[in-house]
Each structure stands twice: as C-alpha cells, then as structure tokens.
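If you want the building blocks of each chain, they are given just below.
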Amino acid sequence: MKYIDTHAHLNLSAFSEDIDEVISRCVEKEVAVINIGTKETTSARAVELAAENKDMYAIIGLHPIQTAPAFHDEEELGEGSTAFLSKGEKFNTDFYREISKKGKVVGVGECGFDYYHTTPDSYSIQEEAFIAQIQFANEIGVPLMIHTRGPKPNEASPTGRSVYADVYDVLKQYSKVPFNVHFYAGTYEEAKAFFDIGGTVSFTGVITFASVYEDLVRKIPLELMHCETDCPYVAPVPYRGKRCEPWMVQEVYKKIAAIRNEDEEMVREKLIENAKKFYKLDE
Ligand SMILES: [Zn+2]
C-alpha cells in the first residue's frame, strides 16, 4: 500500500451505486481503506467489504448520533430522500462480538459524544453506548475510533464543558486500549491530554482548505497523527464539492508535509507506519 485512509465510510449508501468502481480506483492508486461502522447494518457491511477486498479493514460500532431516536438519518439515505428518524440503537455487544469474529476488524467505533446533531437529553444514552463500546474494545483488545462534535455556535454542551473534556474523562476512566480522536478540531492542549493517556488524532481533507489547523499540524508529533477522508464527506482540495473517495487521502498526506515543511516521501512513509502499527494491520 502506498497510502491508507484510516477513516472512510464506503459502507454507507452514498457508495451503493458504484462501489466496484470506487474500490478499483483505490486499488489502482494503492490506497488501503479502513471503513468505520455507524450502527449494526453499516458495521456488518464494513466487515463484508473487508472480507471481500485485500487492503481493506473494518472498525465496528455505534455512532453517538445513532443512539438518539430524534436524529434525522441523512447519511444513510443520501440526498432527496424523505424524512426518516433513526430508531435509536443500543450497543448490542453480542451482535458486535459475533461480527468481530469474521476477521479484519481492527477497532471499535466510531463512538464518543455528538452535541451538534442531538439534544441535551440524549447525553446519558450517548454515554451508555460509549462506555459499552470501550468495554467491548477492552475485551477484544483493539483501539477505539472516537467521534467528537461540539454544540452548534451559541448553544451550550449538555455538561457545560468542551466535548473533548467529556470524552477525555470517560476514556481515562474506562479505556485500557489505545484510541484515535478522528476529525480532530480541538486545541493543542486537549490533544496533549489525549496523547498522555494513549491517544492519537487524525486529520481530514479540511486541512487542505482551512488554515486554522496549520498550527496544530505543525506542533503535533508526526508519530501521533493519522490521515483520513471521512468520505463521503469533506473532499479535499482540488476535489471540493465532489463526493469524497478514499484515494483522495493522498492530498491530506501532501498537505501535512507542506504545512510542516517536511519531505513528502518521509511523511508518507511515517504515516503509513503509524497506521500499520496502531491498527496492527500486518498481523
Ligand atoms: Zn466517520
């Protein structure tokens, strides 16, 4: 593999029409992919994709927005679909334990807290699902993929604290495995706190067009960083406005090298090594 997208969603409906073509583009560009589950059906699909394709892996779990019954489930439906409410899943450990036995499951998640798409009263069910997934990751001995999203501007979080502080406390109390805070948008100090308890962070295509991340990308040690697309969302420059695909992750690698003023090839090799080691891809 030449690149790896450590957080993709080829398991979602945005790719159901042309998944074979998307996968061939990844194979052609030598881009390995870790698909992340958001609930039972999409986790099972991620495992299926990993079984069918070389250089493809799965992380399985329940996204915090899928725990809340009121969430409008756009990502599963795509554009133009009629309103639909997520039924609000509970994390069923038996289900996930069963599918984890099918192989190439390299992590649990994405789990954590989302204060943007949910109402404050959902905090306790999000927390319950988060803790259950940490315990499951501890049991099967794989890293956690952490989702964090703060409230809308002018809204308060249910705890009155930053989503990073809330996620940190739960991880510190329960987690015995390494974890990655995906789509990282916190401060350097918050990142540092995560590093001290076994965390890493990952960056998406957003860093190719939002200069606000440059300081973070420069300060954070390369060995504590991963690259991702979070496709089908946030395509990097020069593909903005298109549906994002995993091979576009190479633009994120290049941007990290450019921001840090380091050799592109050295950065690429180091980031590949990080992912292989962290997710134990060679075992
Ligand atoms: Zn995601």
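Computed from a predicted model, the values in this text were never measured in an experiment. (Residues numbered from 1 in each chain as written. Predicted model: local features only at pLDDT ≥ 70, side-chain atom pairs only at ≥ 80, totals over all residues. Heavy atoms only, no water.)

**Q** Explain the overall build of the chain here, please?
**A** Along the chain, the regular secondary structure elements total 10 helices and eight strands. Here the chain has a C-alpha radius of gyration of 17 Å; the compact-globule value for 283 residues is 19 Å, and the two agree. When the backbone C-alpha atoms are referred to their principal axes, the chain occupies close to 45 × 40 × 40 Å. For the chain, the proportion of contacts with a sequence separation of at least 24, taken over those separated by at least 6, is 71%. Only carbon and sulfur atoms are counted for the fraction: they give 50% of the accessible area of the chain, which is about 12,400 Å². (Helix = DSSP H or I, 4+ residues; strand = E, 2+ residues; numbered from the N terminus. Rg over C-alpha atoms; globule rule 2.2 N^0.38 Å. Contact = heavy atoms within 4.5 Å. Areas by Shrake-Rupley, 256 points an atom, 1.4 Å probe, with all protein chains shown as cover.)

**Q** Would you mind going over the sheet that holds strand β4 (residues 105-114) with me for this structure?
**A** Pairing between the strands of a sheet is mediated by backbone hydrogen bonds and can be parallel or antiparallel. An order of β1-β2-β3-β4-β5-β6-β7-β8 is seen for the eight strands of this open sheet, with the pairing classed as parallel. Unpaired on one side and paired on the other, β1 (3-8) and β8 (225-227) mark the two borders of the sheet. On average, adjacent strands in this sheet sit at an angle of 25 degrees to one another, irrespective of strand direction. Across three bridges, the pairing between strand β3 (residues 56-60) and β4 is parallel. (Pairing = 2+ DSSP bridges. Axes fitted to C-alpha atoms, helices over the stretch in contact; angles between N-to-C directions.)

**Q** Before we go on, may I ask you to explain the pairing of β3 in this structure?
**A** For a regular strand, the rule is simple: side chains alternate between the two faces of the sheet. The buried fraction of β3 is high, at five of five residues. The alternating pattern of β3 places Met 56, Ala 58 and Ile 60 and Tyr 57 and Ile 59 on opposite faces, both of which are buried. Of the strand pairs in this sheet, strand β2 (residues 31-36) and β3 are connected by four bridges, and their pairing is parallel. Looking at β3, one finds that Asn 35 is bridged to Ala 58. Of the crossover connections in this fold, the one passing from β2 over helix α2 (residues 40-52) to the parallel β3 is right-handed. (Buried < 20%, exposed > 50% of the residue type's maximum accessible area, 1.4 Å probe, protein only. Right-handed = clockwise from strand over helix to strand, strands pointing away.)

**Q** Would you mind going over the environment of Ala 129 with me for this structure?
**A** With respect to the element layout, Ala 129 can be found in helix α5 (residues 123-140). In this structure, the C-alpha to C-alpha distance between Ala 129 and His 9, residues 120 residues apart in sequence, is 20 Å. Contact partners of Ala 129, with chain neighbours within four places excluded, come to Leu 62, Thr 67 and Phe 91.

**Q** Just to check I follow, could you spell out helix α6 (residues 163-174) for this structure?
**A** For the α-helix, the turn length of 3.6 residues means that residues three or four positions removed from each other point alike. Helix length check: α6, at 12 residues, gives a terminal C-alpha distance of 17 Å against a target of 16 Å (1.5 Å per residue), a fit within 8%. If you check which residues of α6 are buried, you get Val 163, Tyr 164, Asp 166, Val 167, Val 170 and Leu 171. Buried residues of α6, viewed axially, fall in a sector of 160 degrees; they line one side. Of the residues in α6, the exposed ones pointing more than 90 degrees away from the buried face are Lys 172 and Gln 173. (Expected span 1.5 Å × (residues − 1). Arc of directions from axis to C-beta.)

**Q** Honestly, unusual backbone geometry in this entry has me stumped. Any pointers?
**A** Glycine aside, residues mostly have negative phi, and peptide bonds are mostly found in the trans state. Cis geometry is adopted by the peptide bond preceding Glu 110, which originates at Gly 109 and carries an omega value of 10 degrees. Structurally, Glu 110 is set in strand β4. Here the residue pair Val 237 and Pro 238 is connected by a cis peptide bond, since its omega of 5 degrees sits within 30 degrees of zero. Position of Pro 238 among the secondary structure elements: in the loop between β8 and α9 (249-260). Of note in this structure, Asn 154 is not a glycine but carries a positive phi near 75 degrees. Secondary-structure assignment places Asn 154 in the loop between β5 (144-149) and α6. For Asn 154, a relative accessible area of 83% corresponds to the exposed category. Its identity is not glycine, yet Asp 230 carries a phi of approximately 55 degrees, on the positive side.

**Q** I would appreciate a short explanation of the pattern of salt bridges in the present structure.
**A** Between side chains of opposite charge, a pair can form when the charged atoms approach closely. Taken as a whole and judged by the stated rule, the model has 20 salt bridges. Close ionic contact of Lys 54 with Asp 55 constitutes a salt bridge, the shortest N to O distance being 3.7 Å. Linked through salt bridges whose partners overlap, the residues forming this network are Asp 18, Arg 25, Arg 243 and Glu 245. (Salt bridge = Lys/Arg side-chain N within 4 Å of Asp/Glu carboxyl O.)

**Q** Teacher, can you tell me more about the packing of aromatic side chains here?
**A** Pairs of aromatic rings are described using the distance from one ring centre to the other and the angle between the two planes. Tallying each qualifying case throughout the model produces 14 aromatic pairs. With a centroid separation of 5.8 Å and an interplanar angle of 80 degrees, the aromatic rings of Phe 179 and Phe 194 are classed as edge-to-face. Here Phe 179 is found in strand β6 (residues 179-181), whereas its partner Phe 194 is found in helix α7 (residues 188-196), with 15 residues between them in sequence. Taking relative accessible area as the criterion, Phe 179 reaches 1% and is therefore assigned buried. Of the residues examined, Phe 194 reaches a relative accessible area of 1% and is grouped as buried. Cation over ring: Lys 104 sits above Tyr 57, and NZ or CZ is 5.4 Å from the ring centre. Of note, Arg 268 hangs over the ring of Tyr 3, and the distance from its end group to the ring centre comes to 5.9 Å. (Phe/Tyr/Trp six-rings, centres within 6.5 Å; stacked < 30°, edge-to-face > 60°. Lys NZ or Arg CZ within 6 Å of the ring centre and 35° of its normal.)

In short, shape yes, function no, at least from these values alone.
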